[in-house]
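Each chain is listed here by its residues.
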Amino acid sequence: MKAPARACRMTRATILIAAIFSAAILGSAAADAAETARVTIVVLTPPSLGAVFPAIIKQQKYDIANGVDISFVERPPDAYAAQFNSGEFKVGGSASVLILGLGNTRGIKISYLFNLFDYWGTAVTNRSDIKSLADLKGRQIAAAKGTTNFTVFEWFAQQQGVDPKSLQVLNTATPGLLGYALADRADAVQIWEPAYSMLLAKRPRIHTIDLNITKVWRDYSGGDYFPNLGVAAHQDWIEQNRDLIPRLYRAYKQAAEWVVAHPAEAAPLVAPVKEDGERKAIADMIRDNSRLPMNLYPASKAMKEIEAVYRMGIAVGLFKTLPDATSVYGGKLE
């Protein structure tokens, strides 16, 4: 009689241990699920600066490593603006400082979380008689007028005494700029990276018009940063997810570090390269980083420079009043 009793007690003990073990496993899985928050980020379709990091973050699993599972959703420019501004998407990974400022003046409650890329842009020409922006007066320049890159270009033209209205702008979509330059269909083309490096790979002798960006901007802003494009979020989402923002920042920063460490592998993710010459040109651009230029920092570190960008927006007539302080996220990211 004793042996069966012992067997019964052993069976109950075994079941109890198994139950405890199973509960521990389920509890651990539940904790992991709770710690890995899901975030959807809308970005512009490639080729675009906002589309540079998503593939790297997902391939290298930098989001999961930081306790957040990011779903990146691609949209063309008009859809991106409409769906992000309306709040259909609460987090945007192709957030332009100028457009964010415009939205703020219109009552859209969005805050710039952190910067990804500073500004760089230029104009190129095959005309030997065009050496400066002043030489473009009355001439045709192909440009994507609806982009913030061209808006900033107009401001630089003003700084050099050139009225943007004196330029005959041939408006085209961003992908068409490279074609205009290669076909020599305009006196000049306003362009930026990565299209600029792809152009130089095919037309190394094309002339670049110097905007003197570093000096002009430093004199104007009094700072070294030139915040241009980054990650932003609606303020109601921020209030509910403050703990996730540093995680997003770390995931993006690790992706940027990977790009710098692996320029050749990153090249096809940064631009739609098809030839070895283009791949090398993009890899060299990444190594140099003066024209891309990746520069990740919390928005709060560049308050002075962001205000200068806003003043630029007023100067070119994009908006009439300065956006308020809520447009810049002040929380700690590092």
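Everything quoted here is computed from the prediction, not taken from an experiment.

S.K.: I'd like a rundown of the packing of helix H5 (residues 97–105) against helix H14 (residues 303–315), residues and numbers included.
M.R.: Two elements in contact, H5 and H14, have axes whose closest approach is 9 Å; the angle formed by their N-to-C orientations is 75°. For the element pair H5 / H14, the angle class is roughly perpendicular. Listed contacts from H14 to Val 97, Leu 98, Leu 100 and Gly 101 of H5 are Ile 306, Val 309, Tyr 310, Met 312 and Gly 313. Classifying every residue of the contact of H5 with H14 by side-chain character gives seven nonpolar, two polar and no charged.

S.K.: Provide a residue-level description of helix H7 (residues 176–183), including the pertinent values.
M.R.: The complete set of buried residues in H7 reads Leu 177, Leu 178, Tyr 180 and Ala 181. When H7 is viewed along its axis, its buried side chains cluster within an angular range of 160° and face the same direction. As for H7, its buried residues are in contact with strand E5 (122–125), strand E6 (140–143), strand E7 (168–171), strand E8 (188–191) and helix H8 (195–202). Immediately beyond the C-terminal end of H7, within one or two residues, lies Asp 184, with a positive phi of roughly 55°.

S.K.: Requested: an account of the sheet that holds strand E11 (residues 294–298), with residues and values cited.
M.R.: The strand order across the open sheet built from six strands is E2-E1-E3-E10-E4-E11, with neighbouring strands paired in mixed fashion. Each edge of the sheet is formed by a strand with only one pairing partner; in this case those strands are strand E2 (68–75) and E11. Within the sheet, the average angular offset between the axes of one strand and its neighbour, ignoring direction, is 30°. Of the strand pairs in this sheet, strand E1 (residues 37–44) and E2 are connected by eight bridges, and their pairing is parallel. Residue Ile 41 lies in a different strand from E2, and its bridge partner there is Phe 72.

S.K.: Provide a residue-level description of the packing of aromatic side chains, including the pertinent values.
M.R.: For the structure on display, the rule yields 18 aromatic pairs. With centroids separated by 5.5 Å and ring planes inclined at 20°, the aromatic side chains of Phe 53 and Phe 117 adopt a geometry described as stacked. Of this pair, Phe 53 sits in the loop between E1 and helix H2 (54–60) while Phe 117 sits in strand E4 (residues 110–118), placing them 64 residues apart in sequence. Here the two residues Phe 53 and Phe 117 agree in accessibility, since each one is buried. Plain terms: the ring middles of Trp 155 and Phe 156 are 5.0 Å apart, the flat faces sit at 80° to each other, and that makes the pair edge-to-face. When its relative accessible area of 0% is taken as the criterion, Trp 155 is described as buried. Judged by its relative accessible area of 0%, Phe 156 falls in the buried class. Feature note: the residues Phe 53, Phe 72, Phe 114, Phe 117, Tyr 249 and Tyr 252 constitute an aromatic cluster, connected by ring pairs. In this structure, Arg 311 is placed above the aromatic ring of Tyr 220, and the distance from its NZ or CZ to the ring centre is 4.8 Å.

S.K.: Which residues make up the confidence of the model for the protein, and what are the values?
M.R.: For the protein, the average pLDDT comes to 89, and 90% of its residues sit at 70 or higher. Scored below 50 in pLDDT, residues 6–10 makes zero contacts in the model with residues more than four places away or belonging to other chains.

S.K.: Go over the sheet that holds E5, please, and point to the residues and values.
M.R.: Pairing is mixed across the open sheet formed by five strands, whose spatial order is E7-E6-E8-E5-E9. Edge strands, defined here as strands with exactly one partner in the open sheet, are E7 and strand E9 (207–209). On average, each strand axis in the sheet is inclined to that of its neighbour by 30°, with strand direction left out of account. Here E5 pairs with E8 via three bridges, running antiparallel. Directly across from Thr 122, in E8, lies its bridge partner Ile 191. The strands that helix H6 (residues 148–159) touches are E5, E6, E7 and E8; relative to E8, the one it contacts most, it runs at about 115°. The sheet strands contacting H7 are E5, E6, E7 and E8, and the helix crosses E8 at an angle near 150°.

S.K.: Which residues make up the environment of Phe 114, and what values go with them?
M.R.: Following the sequence through the fold, Phe 114 ends up in strand E4. Discounting residues that sit within four places of it in the chain, Phe 114 has contacts with Gly 230, Val 231, Leu 248, Tyr 249, Tyr 252, Tyr 297, Pro 298, Ala 299 and Leu 333.

Cut-offs and rules
- Residues numbered from 1 in each chain as written.
- Predicted model: local features only at pLDDT ≥ 70, side-chain atom pairs only at ≥ 80, totals over all residues.
- Heavy atoms only, no water.
- Axes fitted to C-alpha atoms, helices over the stretch in contact; angles between N-to-C directions.
- Helix = DSSP H or I, 4+ residues; strand = E, 2+ residues; numbered from the N terminus.
- Parallel < 35°, antiparallel > 145°, perpendicular 65-115°, else oblique.
- Contact = heavy atoms within 4.5 Å.
- Nonpolar A, V, L, I, M, F, W, Y, C, P; charged D, E, K, R; others polar.
- Buried < 20%, exposed > 50% of the residue type's maximum accessible area, 1.4 Å probe, protein only.
- Arc of directions from axis to C-beta.
- Pairing = 2+ DSSP bridges.
- Phe/Tyr/Trp six-rings, centres within 6.5 Å; stacked < 30°, edge-to-face > 60°.
- Lys NZ or Arg CZ within 6 Å of the ring centre and 35° of its normal.
- pLDDT = per-residue confidence, 0-100.

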